[in-house]
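Descriptive analysis of the structure
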Amino acid sequence: MSDALKSDSLKTPRNVPRNVAPVRILKKPGARGADEQNPTPMGERRTACIRTFGCQMNVHDSDRMRRMILDAGYAEVQSYEEADLVILNTCYVRENAVDRVRGHLGELNRLRREGRVKKVALTGCIGASDESTDLKHQYGIDLVLGTHNTYELAEFIGLPTMMETYTPDLPGTEGERSAFVTIMTGCNYQCSYCIVPTVRGRMVCRPLENVVAEIEGLVASGTSYVTLLGQTVDAWRSEGRRFCDLLERVSEVAPRVWFTTSHPSNMEDRTLHLIGARDTIVKRLHLPVQSGSDRMLRVMHRGYKAERYRRKISVFREVVPDGTLSTDIIVGHPGETEEDHERTLKLVEACAFDSAYIFKFSPRKGTEAAELGGVVPPEVVQRRFLEVLRAVEQNAFARNQRKVGSIEEVYVRHGSTEDGKAIGETWSGHAVHVKTDARRGDYVTARIESAGPHVLYAGEPLG
Ligand code: SAM
Ligand code: SF4
């Protein structure tokens, strides 16, 4: 176990009970139900619009809220102008995410003054942060909820009140071809730059049987692709079992399975072997490295060295030769020198990532890194960002070129667009544009005709 995992000094986020037992949803006696709920005074159906910012966890949380608003008799609409209630489900990981939300709140205030939007709710990671108090007053927000008390939305929209200790057991998606399944919430690490442990709390894992039962239900109702979610999904453990055991069980139940996000300190070799061995697991590994410099990794409290990360990658490349590898990299963390940056570039070369999310460091109030000296000037951050981006893209382009001419089975993730192309995914985890009118969840087989740094292009399906 890494030091970060042993650490117990994280702040408890607002509204989060510590060491909570898994979920309980209880109806308060005498609470009003959706069927008793009144429509608008004009007798029309109420409408709600949900906007999601940030990661898959937030997309999944929005799915849960979507179910609540539909259960409460609201019709979902896509534009603010048509909505009685707007829910902004937010991200707090970088400052630009907050700036975007401020922009939306400003626009919503204008629509409220014009009498169009009636109520605004702010949920998600900003809702769990201290900054939400200022935002509530500044923009007159009607309801603010953090990530752990999303269930309070129920009472606000006229559903029976739900009390629960945490939300993952409230499934978000049902009967869809693809579904997110949260297996753990929170994070026990304390990376210098990261606000997630503050807004999402410490790690809580769902029991294996519970997860498997949910997936069996989803598959029975038509789900063909399950993505297991968690901030450090591979840190999952329960009753002596570890993530690899859970993945193995899930891969026996789900026709197609992927997982994100993993932490290098938790990634076991046996999990990498399992990815290679099991036909139902998508051969794509997202393993955020953050930096190629041991010095920076120490400052960031990542709990591993670059060499250990590289070793994991060489195991992955060996046991999953056709797999794809992606990562997260932060450039310009306080104290990052040219030498540290060079080491990151070397690691990018050595690992030959198929893609990477590259982030410019963004100081988050309340994190250790926000207080550190050695701030990197913006023009230096920009140059380093472009250098890392170029290195990643060169490698990715070269690797994608090798797929040209191959025949691939493609899972259609998004049905065909106006130009007649659907967006799909190979078993190796490559994104593919394919000329087909097949629908989401279908499989087609096609030849890869060309490739760019980010995506493969296939011709019409064969046969
Ligand atoms: N739990 C995952 C892990 O440890 O790899 C990552 C979760 S975090 C929401 C997603 C990514 O955002 C991180 O991997 C990191 O690269 C980036 N990130 C987090 N805080 C950041 C910050 N303050 N500035 C820039 N990027 C940040
Ligand atoms: Fe946890 Fe990931 Fe944030 Fe580190 S970067 S604190 S592991 S969520």
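Structural data are supplied above this passage.
Now for a quick tour of the structure. Nothing here was measured: the structure is a model prediction, and the numbers come from that model.

1. What to know about the site of ligand 1
- Near ligand 1 there are 16 residues, and of these Arg94, Gln231, Gln290, Asp328 and Ser362 occur at the shortest range.
- In the environment of ligand 1, an oxygen atom lies 2.9 Å from a nitrogen or oxygen atom belonging to the side chain of arginine 94.
- In the model, an oxygen atom of ligand 1 is placed 3.0 Å from a nitrogen or oxygen of the arginine 302 side chain.
- Mapped onto the shell around ligand 1, the elements with two or more residues apiece are strand 16 (324–331) and strand 17 (355–360).
- Taken together, the residues that form the shell around ligand 1 break down as seven nonpolar, four polar and five charged.

2. A word on the sheet that holds strand 11 (residues 225–229)
- Taken in spatial order, the three strands line up as 8-11-14 in an open sheet, and their pairing is parallel. If you trace the sheet from one side to the other, it starts and ends with strand 8 (178–182) and strand 14 (257–260), each paired once. When strand polarity is set aside, the average angle formed by the axes of neighbouring strands in this sheet is 20°.
- Where strand 11 meets strand 14, four bridges bridge the pair, whose relative direction is parallel. Bridging across to strand 14, leucine 228 finds its partner in phenylalanine 259.
- Where helix 7 (residues 208–220) meets the sheet, it contacts strand 8 and strand 11, and its direction lies at approximately 165° from that of strand 8.

3. Re helix 8 (residues 243–253)
- For helix 8, every residue scored as buried is listed here: Phe243, Cys244, Leu246, Leu247, Val250 and Ser251. Buried residues of helix 8, viewed axially, fall in a sector of 155°; they line one side.
- Elements that come into contact with the buried residues of helix 8 comprise helix 7, strand 11, strand 13 (241–242), strand 14 and helix 9 (269–277).

Criteria and cut-off values
Residues numbered from 1 in each chain as written. Chains lettered and ligands numbered in written order. Predicted model: local features only at pLDDT ≥ 70, side-chain atom pairs only at ≥ 80, totals over all residues. Heavy atoms only, no water. Near = heavy atom within 4 Å. Polar contact = N/O pair within 3.5 Å; in protein donor to acceptor, adjacent residues only side chain to side chain. Helix = DSSP H or I, 4+ residues; strand = E, 2+ residues; numbered from the N terminus. Nonpolar A, V, L, I, M, F, W, Y, C, P; charged D, E, K, R; others polar. Pairing = 2+ DSSP bridges. Axes fitted to C-alpha atoms, helices over the stretch in contact; angles between N-to-C directions. Contact = heavy atoms within 4.5 Å. Buried < 20%, exposed > 50% of the residue type's maximum accessible area, 1.4 Å probe, protein only. Arc of directions from axis to C-beta.

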